[in-house]
Amino acid sequence: DAKTTQPPSMDCAEGRAANLPCNHSTISGNEYVYWYRQIHSQGPQYIIHGLKNNETNEMASLIITEDRKSSTLILPHATLRDTAVYYCIVRVAHGGSQGNLIFGKGTKLSVKP
Amino acid sequence: NAGVTQTPKFQVLKTGQSMTLQCAQDMNHEYMSWYRQDPGMGLRLIHYSVGAGITDQGEVPNGYNVSRSTTEDFPLRLLSAAPSQTSVYFCASRPGTGNYEQYFGPGTRLTVT
């Protein structure tokens, strides 16, 4: 599986967009990009995933570059409750039912008032 | 749906004691897994299961046993607790067949003295 690189920490002002980058320069053509977050003391929470097209859901938007070597998770209007560690993971989608999500250290996003 | 449930929420053990952490899901997911998370670190996979009767080891399996007799339940057994097993334990499930939208339980905080 492709390795990901994320900044260890970022700050964002409340109400502004939070843009979290992820580098995955060795990604393969059949690997999806998944984003999870972990709010302090809670279990991780799935946010969004994508292959090559940009994706949007009620939580966030995912922008994947045309060469797929990097992506950005966008929280359009960050709130204090979005303070969490955000994990970017790449994974083959069609590997049967086996396969594990490997969590790195992620980016600690601090949303400040 | 209750999602993924874990019991107990907190547990203190003495070195050498054994215990079982319980995990259950009501989403009929094929795939279940156990992670541990130590302070300031990411999640590390202990064991996983791709269906009833099938289990396999993750990154850090030593000192733990699992079994999967039903689709719903995936207990984690600590055979002889050691202080190095002090951690937060998360159980997770996902549908399988390449779907990595994983759902996590609230965690069990275990202290071994």
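Residues numbered from 1 in each chain as written. Chains lettered and ligands numbered in written order. Predicted model: local features only at pLDDT ≥ 70, side-chain atom pairs only at ≥ 80, totals over all residues. Heavy atoms only, no water.

So, the environment of B:Leu79
Residue and element names in this part refer to chain B.
And step 1. Topologically, Leu79 is positioned in the loop between strand S8 (76-78) and strand S9 (87-94).
And step 2. With 61 residues separating them in the primary sequence, Leu79 and Ser18 have C-alpha atoms 4.9 Å apart.
And step 3. Residues contacting Leu79, with those up to four places away along its chain left out, are Gln17, Ser18, Gly63 and Asn65. (Helix = DSSP H or I, 4+ residues; strand = E, 2+ residues; numbered from the N terminus. Contact = heavy atoms within 4.5 Å.)

Observations concerning the interface of chain B and chain A
And step 1. On the side of chain A, 22 residues touch chain B, which itself brings 23 residues to the contact.
And step 2. Taken over both partners, the interface formed by chain B and chain A buries close to 1,900 Å², and the fraction arising from carbon and sulfur atoms is 51%.
And step 3. Here chain B is connected to chain A by 3 residue pairs in polar contact (both at pLDDT 80 or more).
And step 4. Residue assignment for the side of chain B that touches chain A shows that the elements contributing at least two residues are strand S4 (31-37), strand S5 (43-51) and S9 of chain B.
And step 5. Here the element with the most residues in the side of chain B that touches chain A is S5(B); it accounts for 4 residues. (Buried area = accessible area lost by both parts, 1.4 Å probe. Polar contact = N/O pair within 3.5 Å; in protein donor to acceptor, adjacent residues only side chain to side chain.)

Brief notes about the side chain of B:Gln85
All names here are of chain B.
And step 1. With respect to the helices and strands, the residue Gln85 is situated in the loop between S8 and S9.
And step 2. Residue Gln85 is classed as buried on the basis of its relative accessible area, which comes to 5%.
And step 3. In this structure the side chain of Gln85 is engaged in a polar contact, spanning 3.3 Å, whose partner is the backbone oxygen of Gly63.
And step 4. Apart from residues lying up to four places away in sequence, Gln85 is in contact with Arg36, Asn62, Gly63, Tyr64, Leu78, Ser80, Leu110 and Val112. (Buried < 20%, exposed > 50% of the residue type's maximum accessible area, 1.4 Å probe, protein only.)

A closer look at the nonpolar core
And step 1. Counting 21 residues, the largest nonpolar core has A:Leu20, A:Trp35, A:Leu73, A:Leu75, A:Tyr86 and A:Leu109 as its most contacted members.
And step 2. Not counting residues up to four positions away in its chain, the partners in contact with A:Leu73 are A:Ala18, A:Asn19, A:Leu20, A:Trp35, A:Ile47, A:Ile48, A:Ala60, A:Ser61 and A:Tyr86.
And step 3. Counting 19 residues, the second largest nonpolar core, distinct from the first, contains A:Tyr46, A:Tyr87, B:Tyr31 and B:Tyr48. (Core = buried A, V, L, I, M, F, W, Y, C linked by side-chain atoms within 4.5 Å.)

Geometric descriptors of this kind do not, in isolation, establish any biological role.
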